[in-house]
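# Residue-level structural notes
For reference, the chains in residue letters:
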Protein chains: 2
Amino acid sequence: MNTAVAVADFRTYPLISALRGVQGLADRVVIEWADSRVSPFHHVWLRDNCPCDRCVYSVTREQVFESVDAAEDLQPLATRIDTDGCLRIDWQDGHLSRFDPGWLRAHAYDDESRAERLAGKPQSRLWHSDLQLPVFEYAALNDNAALLQWLLAVRDVGLTQVRGVPTEPGSLKLIAQRISFIRESNFGVLFNVQSKADADSNAYTAFNLPLHTDLPTRELQPGLQFLHCLVNDAEGGESIFVDGFAIADALRLEEPQLFQALCEIPVEFRNKDRHSDYRCLAPIIALDALGRVAEIRMANFLRGALETSVAQMPLLYRAYRRFIAMTREPRFRLIQRLNPGELWCFDNRRTLHARNAFDPATGVRHFQGCYVDRDELLSRILVLQR
Amino acid sequence: MNTAVAVADFRTYPLISALRGVQGLADRVVIEWADSRVSPFHHVWLRDNCPCDRCVYSVTREQVFESVDAAEDLQPLATRIDTDGCLRIDWQDGHLSRFDPGWLRAHAYDDESRAERLAGKPQSRLWHSDLQLPVFEYAALNDNAALLQWLLAVRDVGLTQVRGVPTEPGSLKLIAQRISFIRESNFGVLFNVQSKADADSNAYTAFNLPLHTDLPTRELQPGLQFLHCLVNDAEGGESIFVDGFAIADALRLEEPQLFQALCEIPVEFRNKDRHSDYRCLAPIIALDALGRVAEIRMANFLRGALETSVAQMPLLYRAYRRFIAMTREPRFRLIQRLNPGELWCFDNRRTLHARNAFDPATGVRHFQGCYVDRDELLSRILVLQR
């Protein structure tokens with residue numbers, strides 16, 4: 001007998017609790033586990049998840065069977081726990097399915113199992129002006145364990161600094177590629193943040209830039225932003241950060257109606273130059289399926305004229321003004337000057353960044369920046385955690 | 001007097017109708033236009049949109065003023081139509097704003113103006129098996145007018161073919177770059193669709209692939225997908241397409257409860273190999289802010305085990321099975337074999353694609369593919385339309 005029951009992906013599923021009993025109902029099988037948890041599994045779900053090598057291609061572990069290839073009302077002929085402790089189902093149409101108990105427990109959808117998995121998901125750690133900035137050493141990041149610690153801080157805190165980075169132009173590429181490929185934009189793969197006479201963005205002037213996210217003008221704002229300091233001889237130009245999730249959280253508590261307005265009323269952002277014309281209509285605060293704040297979209301200097309009904313316009317302005325006013329409150333702001341060989345890496349969809357005006361007459365200021373998407377960060381973390 | 005009143009972007013705004021009258025209320029100005037339309041503008045909105053060169057940097061046309069830099073209850077001292085036909089406001093705090101009547105009309109937010117703009121937005125043209133496929137000639141696309149026609153078809157129909165493309169590997173890059181840079185993924189910048197022994201996706205086998213969107217495992221699925229045929233000597237391997245928006249539309253009419261379930265219950269998709277582990281939890285049908293179908297996310301072979309409450313699971317399976325069953329209905333399916341020198345360019349977030357199984361023993365089949373995001377398509381169209 002083959003004790004290694006296939007599973008439909010490359011993970012391993014430790015045995016949490018053995019199968020103790022199986023009961024058959026009209027449309028489902030009800031499992032009782034050794035630790036007394038009870039998990040129903042519908043027949044249609046079980047047939048769909050059959051991991052046998054006729055249903056799943058063993059090289060890619062991707063499904064070749066599709067749910068509609070079996071009858072909607074397909075019934076088991078026999079259901080039992082086999083001698084390997086697996087759930088075995090002999091189906092009416094002759095197909096045989098066996099389920100590993102570790103895999104089954106990891107995918108059980110009774111309320112208790114679902115709540116348990118939800119509680120195990122990573123949580124953002126909100127911060128204010130007194131953040132103990134997570135700082136990492138460039139040289140140490142060759143080690144995968146150190147790399148993982150850095151990436152977890154980026155994911156959960158949303159703001160990190162790396163020190164000891166070479167100051168040759170282009171060095172940023174090497175560090176970003178420790179995570180993944182770089183996300184290109186119309187500003188290039190690496191972009192140079194310098195004061196330019198023919199600026200195509202206020203970012204490329206010496207002005208102060210208010211707290212913002214980059215590229216709110218794209219449907220998917222870049223996930224991670226890197227800003228690497230090569231030269232910083234000019235007076236001024238300090239970096240400022242706020243945790244947009246902490247501001248949204250405070251707004252939700254302090255002014256729930258204004259929070260709601262920023263979640264519901266979309267605002268247009270646009271980036272235009274001779275070669276491009278980007279526009280994106282989206283709310284300033286986006287929630288995930290569980291109602292948690294998942295994203296902030298904000299750059300006042302890239303915003304279009306607000307457009308909503310005449311009746312709603314005063315509410316939208318109260319909310320918009322309140323949000324901007326909060327980004328200016330000292331309780332949220334972390335201010336620090338970046339030195340050559342240091343870089344910021346932050347969650348651009350959460351952590352708003354700004355810089356004070358600088359005086360180009362007092363010296364050169366040259367930063368390089370780039371983007372990597374959240375998908376790549378999360379994938380890299382999962383691979384490093386294997 | 002300066003007749004060229006600045007506007008806060010690079011577009012030009014023709015005069016639709018002159019300002020006929022201005023009335024001041026407690027919190028707003030009410031404009032009556034020469035064509036009798038009435039448009040209220042709140043004071044806070046007008047001050048925010050002041051286009052003067054103290055509020056907007058004239059090089060980038062980006063705002064440097066922020067709404068909170070003025071008092072919330074700032075009032076006009078005087079409001080009038082000046083001799084150039086502009087709205088002129090002298091504010092209590094000494095600031096002066098002048099608004100071009102073309103710009104003002106284009107941004108009016110009375111109900112009539114908003115409905116007019118909404119009606120002018122591009123609409124998807126739904127299609128079925130009898131689609132007259134929009135076909136374009138590669139050589140003609142050097143011309144910007146022809147390029148625009150192609151891109152409009154991609155946007156509105158979501159499926160196009162280009163013929164006469166060189167069959168040297170890499171040629172696809174040139175055509176994709178007529179739109180923009182290419183979106184990289186873990187499969188590379190250009191990916192080779194060939195049968196491989198160590199496939200890291202069912203796409204790289206000779207199996208039939210059911211109708212799907214690419215990379216539903218990423219938060220933002222790639223917008224445009226290109227598939228360029230270099231060699232196609234193998235038997236089988238025909239391309240199949242369905243308009244996912246047409247299927248969603250039919251489902252909404254025929255089974256509204258199932259449509260609703262696919263809009264509301266998220267499903268996990270995942271892509272895993274030795275170097276990556278992507279997961280995305282999202283509904284199969286996404287609506288835009290106006291309730292229109294904006295995106296389909298579907299690849300059965302990349303889907304994880306369905307997870308929802310025990311009570312909802314049967315409904316989710318009915319909906320999921322119905323959607324897949326519809327992708328198999330002849331009324332929706334366009335089937336065509338791609339020949340060397342031809343390419344498909346389609347909206348990957350709308351148009352599902354499939355291929356029949358092919359027999360690698362009968363000959364070589366080599367396609368190259370790449371992605372370009374919707375943001376880039378829409379920006380390119382707007383620039384070509386200037």
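Presented here is a report on the structure given in the accompanying data block. (Residues numbered from 1 in each chain as written. Chains lettered and ligands numbered in written order. Predicted model: local features only at pLDDT ≥ 70, side-chain atom pairs only at ≥ 80, totals over all residues. Heavy atoms only, no water.)

Attention shifts here to the overall build of chain A. Along the backbone of chain A there are nine helices and 24 strands. Seen through its principal axes, chain A has C-alpha atoms that stretch 85 × 55 × 40 Å. Every one of the 386 residues in chain A was classed for burial, and the buried ones make up 57%. Pairs at least 24 residues apart make up 72% of the contacts formed inside chain A by residues separated by at least 6 positions. As displayed, chain A offers around 15,600 Å² of accessible surface, 50% of which is attributable to carbon and sulfur atoms. Put simply, chain A has 44 plus and 51 minus side-chain charges, and the middle of one group is 3 Å from the middle of the other. (Helix = DSSP H or I, 4+ residues; strand = E, 2+ residues; numbered from the N terminus. Buried < 20%, exposed > 50% of the residue type's maximum accessible area, 1.4 Å probe, protein only. Contact = heavy atoms within 4.5 Å. Areas by Shrake-Rupley, 256 points an atom, 1.4 Å probe, with all protein chains shown as cover. Lys, Arg positive; Asp, Glu negative; His and termini not counted. Charge placed at Lys NZ, Arg CZ, Asp CG, Glu CD.)

Sheets are built from strands that pair by backbone hydrogen bonding, the pairs being arranged parallel or antiparallel. Residues and elements named next belong to chain B. Pairing is antiparallel across the open sheet formed by three strands, whose spatial order is β6-β7-β8. For this open sheet the edge positions go to β6 (76–81) and β8 (96–99), each flanked by a neighbour on one side alone. The average undirected angle you get between the axes of adjacent strands in this sheet is 15°. Pairing of strand β7 (residues 87–91) with β8 involves four bridges; the strand directions are antiparallel. By the bridge assignment, D90 is partnered in β8 with L96. (Pairing = 2+ DSSP bridges. Axes fitted to C-alpha atoms, helices over the stretch in contact; angles between N-to-C directions.)

Glancing now at the side chain of R303 of chain A. Relative to the helices and strands, R303 of chain A resides in the loop between β19 (293–296) and α8 (313–327). On the accessibility criterion, R303 of chain A (6% relative accessible area) is buried. Within the structure, the side chain of R303 of chain A is placed 3.4 Å from the side chain of Q63 of chain B, a separation counted as a polar contact. Look past the residues within four positions of R303 of chain A in its chain and what remains in contact with it is V267, E268, F269, R270, Y317 and Y320 of chain A together with D48 and Q63 of chain B. (Polar contact = N/O pair within 3.5 Å; in protein donor to acceptor, adjacent residues only side chain to side chain.)

Contacts between chain B and chain A engage 87 residues on the former and 86 residues on the latter. Contact between chain B and chain A buries roughly 7,400 Å² in total, counting both sides, with carbon and sulfur atoms accounting for 50%. Inspection of the region where chain B meets chain A yields twelve salt bridges. Of the charged contacts in the structure, one is a salt bridge between E219 of chain B and R349 of chain A, with a shortest N-O distance of 2.5 Å. Of all elements in the fold, only β3 (38–42), α1 (43–48), β5 (62–63), α3 (111–119), β16 (267–272), β17 (277–282), α8 (313–327) and α9 (374–385) of chain B reach the threshold of two or more residues within the side of chain B that touches chain A. Classifying every residue of the side of chain B that touches chain A by side-chain character gives 35 nonpolar, 19 polar and 33 charged. (Buried area = accessible area lost by both parts, 1.4 Å probe. Salt bridge = Lys/Arg side-chain N within 4 Å of Asp/Glu carboxyl O. Nonpolar A, V, L, I, M, F, W, Y, C, P; charged D, E, K, R; others polar.)

For an α-helix, the turn length of 3.6 residues means that residues three or four places apart are oriented alike. Residue and element names in this part refer to chain A. With 13 residues, helix α4 (residues 144–156) should cover 18 Å at 1.5 Å per step; its first-to-last C-alpha distance of 18 Å lies within 8% of that length. L147, L148, W150, L151, L152, A153, V154 and D156 are the residues of α4 that are buried. Those residues of α4 that are buried are in contact with β9 (135–137), β10 (159–163), α5 (171–176), β13 (224–232), β21 (343–347) and α9 (374–385). Positioned one or two residues after α4, G158 has a phi angle of 85°, which is positive. (Expected span 1.5 Å × (residues − 1).)

The next subject is the environment of L227 of chain A. Residue and element names in this part refer to chain A. Topologically, L227 is positioned in strand β13. Of the residues examined, L227 reaches a relative accessible area of 11% and is grouped as buried. As a C-alpha pair, L227 and W344 span 117 residues in sequence and 5.1 Å in three-dimensional space. Setting aside anything within four residues of it in sequence, one finds L227 in contact with F191, V193, L338, E342, L343, W344, F346, H353, F367, Q368 and G369.

Another aspect to go through is the environment of N49 of chain A. Tracing the backbone shows N49 of chain A in the loop between α1 (43–48) and β4 (56–57). In the structure, N49 of chain A is positioned 61 residues away from D110 of chain A in sequence and 16 Å away in space, judged by C-alpha atoms. Once you skip the residues sitting within four places of it in the chain, N49 of chain A turns out to touch F99 and W103 of chain A together with A305 and Y317 of chain B. One polar contact links the side chain of N49 of chain A to the main-chain carbonyl oxygen of W45 of chain A, over a distance of 2.8 Å.

Laying chain B over chain A is done by rotating through 180° and shifting 0.0 Å along the axis; what remains is an RMSD of 0.0 Å. Read as a symmetry element, the transformation amounts to a two-fold axis. Taking C-alpha positions as the reference, the residue of chain B nearest the rotation axis is L220 of chain B, at 3.3 Å. (Least-squares fit on C-alpha atoms with pLDDT ≥ 70 in both.)

Another point: the pattern of salt bridges. When their charged atoms lie close together, side chains carrying opposite charge are able to pair. For the structure shown, the criterion picks out 56 salt bridges over all chains. Across the salt bridge formed by R331 of chain A and E254 of chain A, the nearest N and O atoms sit 3.1 Å from each other. A residue pair is termed long-range when its members are at least 10 positions apart, and R331 of chain A in the loop between α8 and β20 (334–336) and E254 of chain A in helix α6 (residues 244–254) qualify at 77 residues. On the basis of relative accessibility, which here comes to 38%, the residue E254 of chain A falls in the partly exposed class. For D27 of chain B, the salt bridge identified is with R28 of chain B, shortest N-O distance 2.9 Å. Since its relative accessible area comes to 33%, D27 of chain B is described here as partly exposed. Its relative accessible area of 23% is what places R28 of chain B among the partly exposed residues. Linked by salt bridges that have partners in common, E254, E255, R322, E329 and R331 of chain A make up one network.

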